[in-house]
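# Architecture and fold: a report
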2 protein chains.
Amino acid sequence: MNIVILGSGNIATHLGRAFKMAGQRIAQVWSRDLSHASALADTLAAEPIDNMFDLDRSADLYIIAVKDEAIRDIAFELKLNDQLLVHTSGSTPLTALEGASSKIGVFYPLQTFSKIKTVDFRQIPIIIEANVPEVLTSIRAIADRLSEKVVELNSEQRKALHVAAVFACNFTNHLFGLAQELLEEKGLDYELLKPLIKETLSKIEMNDPVSVQTGPAIREDQATIQAHLELLRDNPALSELYTKLSQSIVNLHKRSQG
Amino acid sequence: MNIVILGSGNIATHLGRAFKMAGQRIAQVWSRDLSHASALADTLAAEPIDNMFDLDRSADLYIIAVKDEAIRDIAFELKLNDQLLVHTSGSTPLTALEGASSKIGVFYPLQTFSKIKTVDFRQIPIIIEANVPEVLTSIRAIADRLSEKVVELNSEQRKALHVAAVFACNFTNHLFGLAQELLEEKGLDYELLKPLIKETLSKIEMNDPVSVQTGPAIREDQATIQAHLELLRDNPALSELYTKLSQSIVNLHKRSQG
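A brief structural summary. (Residues numbered from 1 in each chain as written. Chains lettered and ligands numbered in written order. Predicted model: local features only at pLDDT ≥ 70, side-chain atom pairs only at ≥ 80, totals over all residues. Heavy atoms only, no water.)

Taken as a whole, this structure holds eight aromatic pairs over all chains when the rule is applied. Where F167 of chain A meets F171 of chain A, the ring centres are 5.1 Å apart and the plane angle is 85 degrees; that geometry is what we call edge-to-face. Taken together, the positions of F167 of chain A and F171 of chain A, both in helix α5 (residues 155–185) and four residues apart, correspond to about one turn of that helix. One exposure class covers both F167 of chain A and F171 of chain A, and it is buried. Ring centres of F171 of chain A and Y242 of chain B lie 5.3 Å apart, and the angle between their planes is 70 degrees; this geometry places the pair in the edge-to-face category. A residue pair is termed interchain when its members come from two chains, as with F171 of chain A in helix α5 and Y242 of chain B in helix α9 (residues 236–257). This pair shows no difference in class: F171 of chain A is buried, exactly as Y242 of chain B is. (Phe/Tyr/Trp six-rings, centres within 6.5 Å; stacked < 30°, edge-to-face > 60°. Helix = DSSP H or I, 4+ residues; strand = E, 2+ residues; numbered from the N terminus. Buried < 20%, exposed > 50% of the residue type's maximum accessible area, 1.4 Å probe, protein only.)

Here is the structure:
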C-alpha cells in the first residue's frame, strides 16, 4: 500500500512509523514547511513535498494529520476524486471532508504522542468512521494491520471520547506539572510523589475511580482544605483550581450516589 | 514495641497492618464508635476501646490517625506526660500536639490508602518531624522499620507536599472519574481510555510533566477547544473546569519558558 501523509507533527510521525513498521510504503510527506516535511520523510524513506502540485495522485491512502482548523482546507487543496482520504482528529466531524473525495473517513488513534517516546501501536485503540460501508471496510482493514483494538464510532461519540481523553490524559498530566512546580518552589523533591502517582494509577486499573476517591474533599475535611488554601494564598489561579476541583469531587460523589 | 492507635479509618488501618507485619504489638485501637474500633482491633489482635479511661498508659507510641480537625482534642484527651505521641496528618502543624506530651512528633505516610487495597509500605515515603532531636531519632528509628524512604520536613514543607499530593493524586483520580462519567453518558466503554491513561503515566516516569504536555490547550488549538466546549454545553461545571484547566496549561507553559 502507498500512503501520503499530510502533516509532520506528533500524530503524523507516529502513524508514519507504525505504517512503515507494518510493511507499508510512505510515498510522500507534505508540510507547508519543506524542512518539517523532510525531517519526517527522511526517517520514512519518503519524498518530502511542500507544494500540492507535486502530490502523488496514485496513492492508496491520504492521511491528513494536521491541526483541526486546517483539515478542511488541506482536504480541498488535494483535489482528489475517488482516492481514500482520512483525517486523524478526535474532534473534527467526518463531514469536514465531504466533497474532497468520494471515499472519506476517519482514522483516530486514541493515544498521547510525543516525538521523544515510541509507543506500541498494537495496544492503541483506533477509532474509525466512513461515509459508506465499503469505505469503512477498507479503513477497518488498514486499522487492523496496526492495532488489536479497532472501534467504529460516529463523529459525536468520537468527540465525547476525545473530551474524556483530554480530562484523563492532558489535564492529569498538567496536574502533575502543577504539583512539580509547587514542590520545586518549596525546595522539595518531586521524586517524593512518584510512589503516590504510581499507586493512584494502580488503584484505578481494577476499580472505578469514583469508588476509590480519597483526599480532603471527599472526606469533606474543611480543616485540611482551609490549610491548603492558606498555603496557596499567594497563587489565586491555583487556589481557584483547588476549590473548583474539590467542589467537583463532592458533586460527582453525590451524582454517583443518586 | 507496644502501640496504641487512635482512629479506625484508612490511615489507621494501613499503619496498623504495617506495624503488625513489622513485628510490633498493637495494644489498643480507640475510636469514638466501639464497633469501628473493634472492626480494626480484631484484625490486629488488639483491644478495642471507646473510652479514654480504658487507655493503656504504658505504651511506647501513641498514633493519632483521625480527621485533622479532631487531632488536637484527642491529643489532650489522652492526658499523656512523656509518652511518645505522633499524628499522621499532612497538613496539621506539629504545634497541634504541643502541651499534650513532652515528646511529640509527626509520622506522615505519603500515600493514598483505601481499605480495599493493600500497599507495599517499604516504598512509601514517611515524612517525620519532632519537637526535639532525641524524639526525632526515636521516630526515625520507628519509621525506618516500615519504609526505605524516611524524610524529615518541617510543618510548612509537609503541608506543601500534601497540597502537591492532592493535585497529583486526588484531583487526577477525580479527572478519571469525570472522564468515565462522560463516556458512560454517551454509552461508551471507559476501558477504551485505559491504554491512554497507562501511557500518560508511563511518560512522566522518565520526563518532566511540563515537557510532555499534549492536547488542544498546549497547541492553542482553538477549533478543538471550541468543539469540546460545544459538547459540554449542557454541563456548565464541567465546561468551567475544562476552560480553567486549559488556561492553566497555557499559563504553566509560559512560566516554564521563563
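Residue and element names in this part refer to chain B. Judged by pairing direction, the sheet is mixed, and its eight strands sit side by side in the order β3-β2-β1-β4-β5-β6-β7-β8 without closing on themselves. Each end of this open sheet is capped by a strand with a single partner; those strands are β3 (47–49) and β8 (150–152). Strand-to-strand twist in this sheet, taken as the mean axis angle between neighbours without regard to direction, amounts to 25 degrees. The pairing of strand β6 (residues 103–109) with strand β7 (residues 126–130) spans five bridges and is antiparallel. Within the sheet, the bridge partner assigned to F107 lies in β7 and is I128. (Pairing = 2+ DSSP bridges. Axes fitted to C-alpha atoms, helices over the stretch in contact; angles between N-to-C directions.)

Here chain B sits on chain A after a turn of 180 degrees about the axis and a move of 0.0 Å along it, with an RMSD of 0.1 Å. Expressed as a symmetry operation, the mapping of one chain copy onto the other fits a two-fold axis. Relative to the rotation axis, the closest C-alpha in chain B is found at T172 of chain B, a distance of 2.6 Å. A shared binding surface is used by both copies, with 100% of the interface residues of chain B retained as interface residues in chain A. (Least-squares fit on C-alpha atoms with pLDDT ≥ 70 in both. Contact = heavy atoms within 4.5 Å.)

All names here are of chain A. Spatially, the eight strands line up as an open sheet ordered β3-β2-β1-β4-β5-β6-β7-β8, and their pairing is mixed. Edge positions in the sheet fall to β3 (47–49) and β8 (150–152), since each of these pairs with one other strand and no more. Put simply, the sheet's adjacent strands are angled 25 degrees from each other on average, direction ignored. Note: strand β5 (residues 84–87) against strand β6 (residues 103–109), four bridges, orientation parallel. Bridging across to β6, L84 finds its partner in K103. Packing against the sheet, helix α1 (residues 10–21) makes contact with β1 (2–6), β2 (25–30), β4 (61–64) and β6, and its axis sits at approximately 100 degrees to β6. The sheet contacts of α5 involve β5, β6 and β7 (126–130), and relative to β7 the element is tilted by about 155 degrees.

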